[in-house]
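Coordinate inspection notes
Now for the letters of each chain:
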Amino acid sequence: MSKSFLSNNIRSLRFHNDEMTQQQLADAVGVSRQTVVAIEKGKYSPSLELAFRLAEVFDTPIQEVFSYTPEK
Amino acid sequence: MSYQEKKNVVNIVSTLLITGGYFWYVTQSGPAPDLSTEELLKFWAKSMLILIPVSIVGKIIVHIVFSIGNAIATRDHKIPPTDERDKLIELKSNRNANWIFGAGFLIAMFALVMDASVTVMFVVLICGGVLSEVFDNASQLYFHRRGI
């Protein structure tokens, strides 16, 4: 099985949502700010449930928040 | 440094201080050099059993002091919630710690097979336990900083 890469647009989505802070996003989805930081930096791949909750906060489909690129 | 990272550092320091301090006290008061194997077993078993409440009470006190100190220093009275990432980090760190403790247990058994004294076996067991706890918190610190 090849290594997968999950990238995200959380930084820009936060920016386009009245410059929402990481803490505000963390509070909205019920995680710590450190977890939001780790997800933004690509250091942590969230669970499917958390990914959907993040998409719900931005009121956008999940594929607008996360994109998956398998290693070639 | 996040709350979780600070907590891990405090845990490492408190583990070393409490266990180290307790066993320094224990070795100062015994065991007598002329004890039989049965008496030695009883001495070390008693020492390890007493360590459990000493360690629990010590850590509770340390955590109360840490929480108060952290709240004063950061002026934030909220303790961050434990989320899925924290739980995953904890599970991975526990797995690493179990390996260390298992290795300590095997070395302790090996020491007995090689005709080492009961004291050597217990010292290796205790060191394995302390090392596994330190490694547990060090792993958590690493995963919090570097990602999982």
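Residues numbered from 1 in each chain as written. Chains lettered and ligands numbered in written order. Predicted model: local features only at pLDDT ≥ 70, side-chain atom pairs only at ≥ 80, totals over all residues.

For the rest of this paragraph, the subject is the overall build of chain B. From N to C terminus, chain B includes 4 helices and 0 strands. N-terminal to C-terminal, the α/β element order of chain B is α-α-α-α. Expressed along its principal axes, the backbone C-alpha trace of chain B runs to roughly 55 × 30 × 15 Å. Considering chain B as a whole, with its 148 residues, one finds that 19% of them fall into the buried category. Within chain B, contacts between residues separated by at least 24 positions form 79% of all contacts whose residues are at least 6 apart in sequence. (Helix = DSSP H or I, 4+ residues; strand = E, 2+ residues; numbered from the N terminus. Buried ≥ 20, exposed ≤ 12 C-beta atoms within 10 Å, placed from the backbone. Contact = placed C-beta atoms within 7 Å.)

A:Ile10, A:Leu25, A:Ala26, A:Val29, A:Val31, A:Val36, A:Ala38, A:Ile39, A:Tyr44, A:Leu50, A:Leu54 and A:Val65 together form the largest nonpolar core, which totals 12 residues. Once you skip the residues sitting within four places of it in the chain, A:Ile10 turns out to touch A:Ile39, A:Glu40, A:Leu54 and A:Val65. The next biggest cluster of nonpolar side chains, apart from the first, holds 6 residues, and it includes B:Val118, B:Phe122, B:Val124 and B:Ile126. (Core = buried A, V, L, I, M, F, W, Y, C linked by C-beta atoms within 7 Å.)

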